[in-house]
Amino acid sequence: MTHPPIHGGNLTWAAAFAGCQPEEILDFSANINPLGPPQSAIEAIQGRLRELRNYPDPKYGPLRDAIAKSHNIDPAWVLPGNGAAELLTWAGLELSQCDRVLLPLPAFGDYGRALQTFGATIRPVSAWNQRLWQVSSREGLLVNNPHNPTGQLWPRWRLRAMLETAQLVVADEAFMDFLEPDSQESLIDWVVDFPNLVVLRSLTKFYSLPGLRLGYAISHPDRLRRWQSWRDSWPVNVLAAAAGVAVLADQGFQQRTYQWLEPTKRKLWKAINAIPGLSADWGAANFLLVRTGMPGDQLQRLLLREQRIFVRDCLSFQELGDRFIRIAVKRPQENRRLVSALEVIFNSNP
Ligand SMILES: Cc1ncc(COP(=O)(O)O)c(C=O)c1O
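Just so we're clear, the structure is a prediction, and the values are computed from it rather than from any experiment.

Rules behind the numbers
- Residues numbered from 1 in each chain as written.
- Predicted model: local features only at pLDDT ≥ 70, side-chain atom pairs only at ≥ 80, totals over all residues.
- Heavy atoms only, no water.
- Core = buried A, V, L, I, M, F, W, Y, C linked by side-chain atoms within 4.5 Å.
- Buried < 20%, exposed > 50% of the residue type's maximum accessible area, 1.4 Å probe, protein only.
- Helix = DSSP H or I, 4+ residues; strand = E, 2+ residues; numbered from the N terminus.
- Domains from an automatic or database assignment.
- Contact = heavy atoms within 4.5 Å.
- Near = heavy atom within 4 Å.
- Polar contact = N/O pair within 3.5 Å; in protein donor to acceptor, adjacent residues only side chain to side chain.
- Areas by Shrake-Rupley, 256 points an atom, 1.4 Å probe, with all protein chains shown as cover.
- Nonpolar A, V, L, I, M, F, W, Y, C, P; charged D, E, K, R; others polar.
- Phe/Tyr/Trp six-rings, centres within 6.5 Å; stacked < 30°, edge-to-face > 60°.
- Lys NZ or Arg CZ within 6 Å of the ring centre and 35° of its normal.
- Pairing = 2+ DSSP bridges.
- Right-handed = clockwise from strand over helix to strand, strands pointing away.
- Buried area = accessible area lost by both parts, 1.4 Å probe.
- Salt bridge = Lys/Arg side-chain N within 4 Å of Asp/Glu carboxyl O.
- Axes fitted to C-alpha atoms, helices over the stretch in contact; angles between N-to-C directions.

Draft legend 1. Summary view of the nonpolar core. Of all hydrophobic cores here, the largest spans 79 residues; its most connected members are Leu-197, Leu-299, Leu-303, Ile-327 and Leu-342. Examining the composition of this core, we find that seven residues originate from one element, helix H8 (residues 238-248), more than from any other. Two domains each provide a minimum of three residues to this core, namely domain 1 (11-36 + 252-348) and domain 2 (39-249). Apart from residues lying up to four places away in sequence, Leu-342 is in contact with Ile-272, Ile-275, Leu-278, Leu-299 and Leu-303.

Next comes the structure, spelled out in structure tokens:
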């Protein structure tokens, strides 16, 4: 058996552990919208298969236009990437030029990868205590809003003071699109005023396309030109670029997702909190962090072995320790399967 995964969604590991095929696993470990991928993405991909014989347009004109339109900004301020993860690499390179980088912990594991690759000096701070996030003019900040794994959403005014001081602020908003536009706390419309701001977005979670890989950065065009000069010319393939244009115009899918998420999350949250031995804080995104009386990895393995249900243990988030799991919100009937399985486990192991 290979090492346990450090990211959610490793179905190869889960299936090997459970002794079944990856398709047989009910996956709550990756925070992916269960309603997707949208039909609009599938059709765009199928319609562009002929283009596999061409290199992508290195400027990604239609995709940049579609992203810019969705945020009401100029396309020169947009850089598409091979998932937010690719753009994190370039953010890591720029952050490594700051004396130190404030990193609220726990945090998405890839931040460590991106920062350490370029020898950044990390200054860990508690994600729960924002008063500790005092940043100097020689320091950078890498913040995730809403925050994975806690689900915390910081009002943007609380990040403003840091933007006014820091050398560079990178705001990873990979889960922001799960909030309805009126409730979002995005920093995107501040990029014009703050040349020291980078916002990263993902299209893989909301549109359920993690296997396709697609994300983007929004920042000053000078910075984005620099990033473009560091990387290869075609990080986004033609199918991903076409799917991106299609999904950003798919208001039907966006509305269905908003209508599904809020009531379904509330029901799951209540059901989890009704199980003795489990408690979940409310989360702004499409997942819940659950405190468990049983070690999280033990619970994960029990669920996998007995039910082929895969939840995220939180051992790789060192600040959380072993008493947490993270679960994605899925369709009502899938959530009920998880809740029933947890009820059985906690009723027999109170
Ligand atoms: C907070 C956060 N940022 C970025 C990513 C990477 O997203 P993408 O699939 O667009 O590379 C993830 C994936 O889990 C994430 O949790």
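Having seen the structure, we can now continue with the description.
Draft legend 2. Representation of the site of the ligand in the model. Taken together, 15 residues are adjacent to the ligand, and Ala-84, Asp-172, Ser-202, Lys-205 and Arg-213 come closest. Between an oxygen atom of the ligand and a side-chain N or O atom of Asn-148, the distance comes to 2.9 Å. Calculation on the ligand without its partners gives an accessible area of 400 Å², and the protein chains cover 90% of this total. For the shell around the ligand, the residue count by class is seven nonpolar, five polar and three charged.

Draft legend 3. Molecular detail of the packing of aromatic side chains. Applying the stated criterion to the full structure yields 15 aromatic pairs. Consider the rings of Phe-206 and Phe-253, whose centres lie 6.0 Å apart with planes at 85°: the pair is edge-to-face. With Phe-206 in the loop between strand S7 (197-202) and strand S8 (215-218) and Phe-253 in helix H9 (residues 251-273), this pair connects stretches of sequence that are 47 residues apart. Taking the relative accessible area as the measure of exposure, Phe-253 reaches 1% and is therefore buried. A centroid spacing of 6.0 Å and a plane angle of 55° characterise the contact between Phe-206 and Tyr-258, whose relative ring orientation is tilted. Of this pair, Phe-206 sits in the loop between S7 and S8 while Tyr-258 sits in helix H9, placing them 52 residues apart in sequence. In terms of burial, Phe-206 and Tyr-258 fall into one category: buried. Among the aromatic residues, those joined into a cluster by ring pairs are Phe-175, Phe-178, Phe-206, Tyr-207, Phe-253, Tyr-258 and Phe-287. Against the face of Trp-282 rests Arg-266, its NZ or CZ located 4.3 Å from the ring centre. The positively charged end of Lys-330 is found above the aromatic ring belonging to Phe-28, 5.7 Å away from the centroid.

Draft legend 4. Seen up close, the pairing of strand S6 (residues 168-172). The element S6 is extensively covered by neighbouring structure, given that five of its five residues are classed as buried. By the bridge criterion, five bridges tie strand S5 (residues 139-144) to S6 in an arrangement that is parallel. When the sheet's bridge partners are listed, Val-143 is paired in S6 with Ala-171. Following the backbone out of S5, through helix H6 (residues 157-165) and into the adjacent parallel S6, one traces a crossover that is right-handed. As paired strands, S6 and S7 are joined by four bridges and run parallel to one another. For Val-170, the partnering residue across the bridge sits in S7 and is Val-198.

Draft legend 5. The domain arrangement of the protein, seen in detail. Looking at the assigned domains, one finds that the protein contains domain 1 (11-36 + 252-348) and domain 2 (39-249). Between domain 1 and domain 2, the buried area comes to about 1900 Å², and carbon and sulfur atoms account for 68% of it. Taken as a group, Ile-32, Tyr-258 and Ala-284 account for 28% of the area that domain 1 buries against domain 2, more than any other trio of residues on that side. The interface formed by domain 1 and domain 2 holds zero salt bridges in total. Sorting the residues of the side of domain 1 that touches domain 2 by element identifies H9 and strand S10 (287-292) as the ones contributing at least two each. No other element matches the five residues that H9 contributes to the side of domain 1 that touches domain 2.

Draft legend 6. Region of the structure containing the sheet that holds strand S12 (residues 312-313). Spatial strand order, S9-S10-S13-S12: four strands in an open sheet with antiparallel pairing. Two strands bound the open sheet, and with one partner strand each, they are strand S9 (278-280) and S12. In the sheet, S9 pairs with S10 via three bridges, with the strands oriented antiparallel. Note on S10: the bridge partner recorded for Ser-279 is Arg-291. The strands touched by H9 are S9, S10 and strand S13 (324-328); relative to S9, the strand with the most contacts, the crossing angle is about 145°.

Draft legend 7. Region of interest: the sheet that holds S7. With respect to topology, seven strands assemble into an open sheet ordered S2-S8-S7-S6-S5-S3-S4, the strand pairing being mixed. In this open sheet, the two edge strands, each paired with only one partner strand, are strand S2 (78-81) and strand S4 (122-126). Between one strand axis and the next, the sheet turns through 20° on average, direction left out of account. Relative to S5, strand S3 (residues 100-105) is paired through three bridges, and the arrangement is parallel. Residue Arg-100 lies in a different strand from S5, and its bridge partner there is Glu-139.

Draft legend 8. Region of interest: the pairing of S8. By the alternation rule, side chains of S8 split into Gly-215 and Ala-217 and Tyr-216 and Ile-218, which are all buried. Sheet topology places S2 next to S8; four bridges connect them, and they run antiparallel. Following the sheet pairing, Gly-81 is matched in S8 by Gly-215. Where S7 and S8 come together, four bridges link them in antiparallel fashion. Bridge pairing links Arg-201 to Tyr-216 in S8.

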